[in-house]
Amino acid sequence: MDGPPGGTTPITPVIKAGWLDKNPPQGSYIYQKRWVRLDADHLRYFDSNKDAYSKRFISVACISRVAAIGDQKFEVITNNRTFAFRAENDVERKEWMQALQQAMAEQRARARLSSAYLLGVPGSEQPDRAGSLELRGFKNKLYVAVVGDKVQLYKNREEYQLGIGITFIDMSVGNVKEVDRRSFDLTTPYRIFSFSADSELEKEQWLEAMQGAIAEALSTSEVAERIWAAAPNRFCADCGAAQPDWASINLCVVICKRCAGEHRGLGAGISKVRSLKMDRKVWTETLIQLFLQLGNGAGNRFWAANVPPSEALQPSSSPSTRRCHLEAKYREGKYRRYHPLFGNQEELDKALCAAVTTTDLAETQALLGCGAGISCFSGDPEAPTPLALAEQAGQTLQMEFLRNNRTTEVPRLDSMKPLEKHYSVVLPTVSHSGFLYKTASAGKLLQDRRAREEFSRRWCVLSDGVLSYYENERAVSPNGEIRASEIVCLAVPPPDTHGFEHTFEVYTEGERLYLFGLESAEQAHEWVTCIAKAFVPPLAEDLLACDFERLGRLPYKAGLSLQRAQEGWFSLSGSELRAVFPEGPCEEPLQLRKLQELSIQGDSENQVLVLVERRRTLYIQGERRLDFMGWLGAIQKAAASLGDTLSEQQLGDSDIPVIVYRCVDYITQCGLTSEGIYRKCGQTSKTQRLLESLRQDARSVHLKEGEQHVDDVSSALKRFLRDLPDGLFTRAQRLAWLEASEIEDEEEKVSRYRELLVRLPPVNRATVKALISHLYCVQCFSDTNQMNVHNLAIVFGPTLFQTDGQDYKAGRVVEDLINHYVVVFSVDEEELRKQREEITAIVKMRVAGTASGTQHAGDFICTVYLEEKKAETEQHIKIPASMTAEELTLEILDRRNVGIREKDYWTCFEVNEREEAERPLHFAEKVLPILHGLGTDSHLVVKKHQAMEAMLLYLASRVGDTKHGMMKFREDRSLLGLGLPSGGFHDRYFILNSSCLRLYKEVRSQRPWSGAPETSHRPEKEWPVKSLKVYLGVKKKLRPPTCWGFTVVHETEKHEKQQWYLCCDTQMELREWFATFLFVQHDGLVWPSEPSRVSRAVPEVRLGSVSLIPLRGSENEMRRSVAAFTSDPLSLLRNV
């Protein structure tokens, strides 16, 4: 038996295993029976063949020889120890000796091969961490080494150097966890190893090393093996260590684990570190090919062209030596090979634009490393950047290299313009010292309260950009340090979050979180201020002007181009998120409680936080998971409702609480005709659950018909308004409103109401108007819902004024406000007309939906593309019932600041991808019915109508309003969705006039008076022209005889859909037919009568100095998204 059942599988196969007698170290003649196992690397012996962990192991590389000694005995001899074994017989002894000698020979052959490759570098694998630890059950400390994916235990350091140990633990089945300040457990299915370190800092370092071993054990070598296929990639680009399993994907070099830690400390702007074995999703086929083309060979010919032998790294180099060398190599570019064009920016940029169109990746690497601008203008408007040029030239590897280097900083010596390094600037004037209480650093967010006992008192010094903490004020060497350049976030939790009254958190590039605490608020504030000044560059120093809960840097995307991620600085203060971007110092806070969308996109490995406010969108990327999750939680909390008052709720653009809008909008769409709406009560339990959800995060609650009953929603709204601490009309003004209701003169009373309305706080005033506007709509359907003005007043009077219902004056106020809604709230005639149109459209659609078996509920949102269907061209708009295709087109063009020149015929098209056809919407056509009829394969796109000018010329020159002629014809019927195709295309004669489209099978003779052939008196087919939809294009699977075809769709009153496919002989003929269709369907008005349409003046929305664009996402996602409400949240009741 080779091992325990279900035990760890050794990396190398077992060569031989069996029972042997072993002579104990004391040299007595009493042999002990042991289970012995030999593999290519180790000879191990166990108490039992069921044990997972050995009593001792001997490295095969340390065995000098094997010798026979008497009957059935043999010795395994190392440099300083001899191990004696006894077999059952001479044959078995011979087999063991031969197996050992063969393993030794193979080990020496591998060692010689490794030495040849390493050119003198020692071949033994360096431990990730080694040192002494106490292990429960052992009297003395053991020497522990973390090597790769194993933890090795030795009696002492001498035996470690000799290769004779106790056992090793395969970390693929291991797990580590903290026990107390100095202790931790390594748990496996077979045993728990309880270790104790000398200090808390050491414990943290051991935990980190063992967690790294676990990650390595669970990784895969597939990518590594492929990248190691290139010989230079088999050794670390920086120190030469064998089999490096980490890489910098922007520098395109393969590095060992030790160098990877220092690369990470350089920051993502210098080196983006990824694991070859663990970050599987990163390693696309293109990236692997890039490393095979460039890799360490080309990388070191550029980055290490001038490394003096005295400054070269070795696998055994110390962390500080590595850090200094890598700073000089990559941040300063000290050893790089300078390009002949170095210093001439214009020529460098030109050379880069030329290089990216070729396969010369090394030239591109050298140009970027010497300062060529990765986003420089190429001079070609169609391909304005090097990335666009590479894409145009089909150079996928060049594109991959450019994408990975979009945010990489240009190397420069520290003496050169240090302020240009926007996130690693150190202000040496900042210094501070004093005692702080510190917990052990953590690799995850602190979910639980840290007790006071978990904090240790440390003397801390902030000086020259380094925060060092010591055991006490007299200690010479620090227990640890945090470099300001590595700090990515500084957070201040609320008081009393942990055992100390005031605490702050420091997040670093290395995904570590440090928690500090103090009792004094003043001292804590002083420390936070000093640390912030030490790591925030002058670019973002305005963020320090006010107190913050969180401050730091994050990668983001914004503006009209989402191709390039940049590093921005952010601070969170209350419900405001302030931002400073590299493009300019100007900043404009995002009001988080007024966000229209707060969502997470991407998978767990590549999350993106999307914030949408007033048609502007900001994408914050989760490049570092630890601080990103902290930001995410803090922003979500700040964006939620803060309390019970109206002003503390999540608000829409017009200061109307989202909770009010959600309920009003749902009832407007689904409950206007519900009998007893607002008078009937919903189920108490459902109402309570809904109200709790809305109070917690109304933005994320999407009410859907079938899931919520209108009475539950109406009860939740009434309950919310009644429970407002200050009431909708406020305690201070409530009495004045009630007194105003007793004024007898109607004109004077209305005037008094208007005065009182102005005195209300803005949020209350907006909410009152929205609510009364909604009730005005409800009473318009009193014939159906039985809720006239008086009945609504009886319900809402006590609710809004929070009375017991005995005071009739409360109801009278509500009744007056509804009756005089237009005058009190200054509603003009146009606004009132649009309000009525929208309500009418909603009711009609519900009736149509009931007839067809479908119900539409929720937000009326349209996803529209500009010119073509691409992610970066998406626009998302809330569609009121009155919006026409022309208004939608202008809205889209306004958002993207597209000017309309003469003879620019911008039009909104309905595109059906499945049918491979598109239909330009008539400028006066209402968009909302089209939106509800769009299938999953359809979308809207705004683009220029290229044929419109030719069509208008044709219509202006023709005589009469009919069109006739021969076309190729094919019919396709669909009865309730069941397609019944009817063969191929056939010649048919068509006549189109102002009333119908007719199809004739035969053509008899020529009519002398009209020039048209005489047809049979009775048409084979006839459709009313007003009910037809005409799409340009015919789907290819029908094999149309020409490419100039169109599809005519007719849906009968019985919902029977019929489709005709028609093909013309020429493009001009197609345009003439289509123009005639538009002409007869719209009474001759094909295009607006004014000479040109000028885009409306819409102010550009900016965040700081960066233009922002709407949220990306599919239409179905946006239907469920608050980002849809880009205009007034109550646009059902407003002039949009």
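So, a few notes on the structure that sits alongside this text. All figures in this text were calculated on a predicted structure; none of them were measured in a lab.

Rules used in this analysis
- Residues numbered from 1 in each chain as written.
- Predicted model: local features only at pLDDT ≥ 70, side-chain atom pairs only at ≥ 80, totals over all residues.
- Heavy atoms only, no water.
- Pairing = 2+ DSSP bridges.
- Helix = DSSP H or I, 4+ residues; strand = E, 2+ residues; numbered from the N terminus.
- Axes fitted to C-alpha atoms, helices over the stretch in contact; angles between N-to-C directions.
- Contact = heavy atoms within 4.5 Å.
- Core = buried A, V, L, I, M, F, W, Y, C linked by side-chain atoms within 4.5 Å.
- Buried < 20%, exposed > 50% of the residue type's maximum accessible area, 1.4 Å probe, protein only.
- Salt bridge = Lys/Arg side-chain N within 4 Å of Asp/Glu carboxyl O.
- Arc of directions from axis to C-beta.

Brief notes about the sheet that holds strand E18 (residues 273–275)
Across the sheet, which stays open at both edges, the three strands sit in the order E17-E16-E18 with antiparallel pairing between neighbours. At either end of the open sheet lies a strand with only one pairing partner, and these are strand E17 (253–255) and E18. The average angle at which neighbouring strand axes cross in this sheet is 35°, direction not considered. Relative to E17, strand E16 (residues 246–248) runs antiparallel, the two sharing three bridges. Each bridged residue has a counterpart across the sheet, and for Ala247 the counterpart in E17 is Val254.

Examining the environment of Gly965
For Gly965, the location among the structural elements is in strand E38 (residues 963–975). Taking the C-alpha atoms as reference points, Gly965 and Cys1064, separated by 99 residues in sequence, lie 9.6 Å from one another. Discounting residues that sit within four places of it in the chain, Gly965 has contacts with Arg988, Tyr989, Phe990 and Trp1073.

A look at the nonpolar core
Counting 68 residues, the largest nonpolar core has Tyr678, Phe729, Trp737, Leu775, Phe796 and Leu800 as its most contacted members. At ten residues, the largest contribution of residues to this core is made by helix H20 (residues 762–779). Of all hydrophobic cores here, the second largest spans 36 residues; its members include Cys252, Val254, Cys376 and Leu389.

Quick notes on unusual backbone geometry
The residue Glu867 is not glycine, and still its phi comes out positive at about 75°. Accessibility expressed as a relative area gives 49% for Glu867, which makes it partly exposed. The backbone of Asp1083 sits at a positive phi, close to 55°, despite the residue not being glycine. Here Asp1083 lies in the loop between helix H29 (1067–1081) and strand E48 (1102–1103).

Let's talk about the pattern of salt bridges
Under the counting rule described, the total for this entry stands at 48 salt bridges. Note that Asp238 and Lys329 form a salt bridge whose closest N and O atoms lie 2.7 Å from each other. One end of the pair, Asp238, is in the loop between helix H4 (222–227) and E16; the other, Lys329, is in helix H8 (residues 319–331), with 91 residues separating them in the sequence. Of the two residues examined, Asp238 and Lys329, each falls in the buried class. Glu1072 serves as the salt-bridge partner of Lys963, at 3.0 Å between the closest nitrogen and oxygen.

Re helix H28 (residues 948–957)
Considered for burial, the residues of H28 that qualify are Met948, Ala950, Met951, Tyr954 and Leu955. When H28 is viewed along its axis, its buried side chains cluster within an angular range of 160° and face the same direction. Exposed positions of H28 whose direction lies more than 90 degrees from the buried face are Leu953, Ala956 and Ser957.

Things to note about the side chain of Asn764
Relative to the helices and strands, Asn764 resides in helix H20. Beyond its immediate chain neighbours, meaning those up to four positions away, Asn764 contacts Leu646, Gly727, Leu728 and Thr730.

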